[in-house]
Amino acid sequence: MLELGRLEDLPADYVSALTAQNLVPLWPSLRAVLPPGKPGPRTRPAAWSYEALRPLLMKAGELTPIEKAERRVLVLANPGHGLEKMQASSAIYLGMQLLLPGEIAPAHRHTPNAVRMIVEGEGAYTTVDGEKCPMRRGDLILTPTGLWHEHGHDGTDPVVWLDVLDLPLVYYMEASYVIEGTPDFTAREASERAYLRGGVVPSPVFTRASPRYPMLRYPWVEVRAALLALSEVTPTGEAVQVAYVNPETGAECQNILGFSALMLRPGETLTLPARSPAAVFHLIEGGVDARIGETPFSLAEADTCCAPGYTPVSLANRSADTPAFVFVADEAPLHKKLGLHEVRA
Ligand code: GTQ
């Protein structure tokens, strides 16, 4: 590869003349923006222990009333991006949110898409576009772009969930904003009941409130049962994995990030090839040894880790007699839409 000229090789008065006209020479920076062979990601392999973060989140519950927080969240920030950037990868934001009994996180709607993966507690709910979605451990609840949502809690113990948003991308695009106020939706029926079984969807007589996002809550009991059934017909060595899709179209359930759940059979190790999108793994049940590139992480229940793109990942179930269940969020829909998606053997 050619050795390119450096900025220091240019006369200072020439560089000043360029700067005065808002001009920049490309060649000193060409290798930085087009590195050979593969990107140089800022995203680092990183993991967040639930055991370590939980007491800090509960402390936030004591220190900051919900009225002073609106959303009481500790952000899982990837140090490779700088903590202040509040991003797990270039497109993924992760936060652990705490809602205490009786609290309400008031209604708003925003351009970034969000999902919640419920981590602990009973009795909270999210109302999305008029549909009251109960929050139970392992449930996935969508809050697609532009839809009103608020969180409430009628139970007796703290409720915690993992927020996954495409905020860093939408913010980078200078398209991130929120609207607060009183929601103007009409109530929606519980979508999970209309789409409870694979292979059948409501016939045209049934009027979907929003054809773009027909299903908002994916109950864990259903997803777990689907994984257990799938594990019985999946050959050893192949991933037991289901994708959260729009049941009307079969496409990914949201536009930018993709979501799936996978099951590791007792003693199973799954090796995922290097793919261009970054990914996040959150342990719903069990204990897993993860290897992200060269970096090993030992994950316990409710732990979360992040893998940069173009990096192989292996996940090993530590238990010889119980399955482990992992929630996966990745940037694959975005990469596919942009024509950038790659899988490397
Ligand atoms: O619950 O609506 O973690 O608006 C960040 C922004 C959660 C939410 C976050 C949000 C929310």
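Note that the structure is a prediction, hence the values are computed from the model and not measured.

So, how was this worked out
Residues numbered from 1 in each chain as written. Predicted model: local features only at pLDDT ≥ 70, side-chain atom pairs only at ≥ 80, totals over all residues. Heavy atoms only, no water. Pairing = 2+ DSSP bridges. Helix = DSSP H or I, 4+ residues; strand = E, 2+ residues; numbered from the N terminus. Axes fitted to C-alpha atoms, helices over the stretch in contact; angles between N-to-C directions. Buried < 20%, exposed > 50% of the residue type's maximum accessible area, 1.4 Å probe, protein only. Near = heavy atom within 4 Å. Polar contact = N/O pair within 3.5 Å; in protein donor to acceptor, adjacent residues only side chain to side chain. Areas by Shrake-Rupley, 256 points an atom, 1.4 Å probe, with all protein chains shown as cover. Nonpolar A, V, L, I, M, F, W, Y, C, P; charged D, E, K, R; others polar. Salt bridge = Lys/Arg side-chain N within 4 Å of Asp/Glu carboxyl O.

Before going further, it helps to examine the sheet that holds strand β7 (residues 131-134). Strand order in the open sheet formed by five strands is β7-β6-β9-β4-β11, with antiparallel pairing between adjacent strands. Only two strands of the sheet have a single neighbouring strand rather than two, namely β7 and β11 (178-180). Mean inter-strand twist for the sheet, computed between neighbouring axes without regard to direction, equals 30 degrees. Here strand β4 (residues 104-110) runs beside β11; their pairing, made up of three bridges, is antiparallel. Bridge pairing in β11 places His110 opposite Val178.

We now examine the pairing of strand β18 (residues 288-292). Alternating residues of β18 divide into Val288, Ala290 and Ile292, all buried, and Asp289 and Arg291, none buried. Here five bridges tie β18 to strand β19 (residues 295-299), and the two strands are oriented antiparallel to one another. Bridge pairing in β19 places Asp289 opposite Ser298. In sequence, β18 turns back onto β19 through a hairpin of two residues, with Gly293 there showing a positive phi of about 60 degrees. Note that β18 and strand β21 (residues 313-317) share five bridges and pair antiparallel. Counterpart to Ile292 in the pairing with β21 is Val313.

Our next topic: the pairing of strand β20 (residues 304-307). Regular strands place their side chains on alternate faces of the sheet. Of the two faces of β20, the one lined by Thr304 and Cys306 and the one lined by Cys305 and Ala307 are each fully buried. Examined bridge by bridge, strand β1 (residues 46-48) and β20 share three bridges and lie antiparallel to one another. Its bridge partner lying in β20, Ala47 is registered against Cys305. When strand β17 (residues 279-285) meets β20, the two strands line up antiparallel, connected through four bridges. Paired with Phe281 across the bridge in β20 is Cys305.

All residues in the neighbourhood of the ligand are listed as Arg71, Val73, Tyr93, Gln97, His108, His110, Arg116, His149, His151 and Asp163. In the model, an oxygen atom of the ligand is placed 3.0 Å from a nitrogen or oxygen of the His110 side chain. With respect to the ligand, the side chain of Arg116 contributes an N or O atom lying 3.1 Å from an oxygen atom. Across the complex, the protein chains shield 89% of the 290 Å² of accessible surface that the ligand would expose by itself. Residue assignment for the shell around the ligand shows that the elements contributing at least two residues are β3 (93-99), β4 and β9 (149-153). Across the shell around the ligand, the residue classes break down as two nonpolar, five polar and three charged.

Our focus in this paragraph is the pattern of salt bridges. Applying the stated rule across the entire model yields 14 salt bridges. When the shortest N-O distance is used, the salt bridge between Lys59 and Glu62 registers 3.6 Å. Linking Lys59 with Glu62, this pair stays in helix α3 (residues 50-63), spanning three residues, or about one helical turn. Using a relative accessible area of 42% as the deciding quantity, one classes Lys59 as partly exposed. You can call Glu62 exposed: its relative accessible area is 62%. Connected through shared salt-bridge partners, Arg6, Glu8 and Asp9 make up one network.

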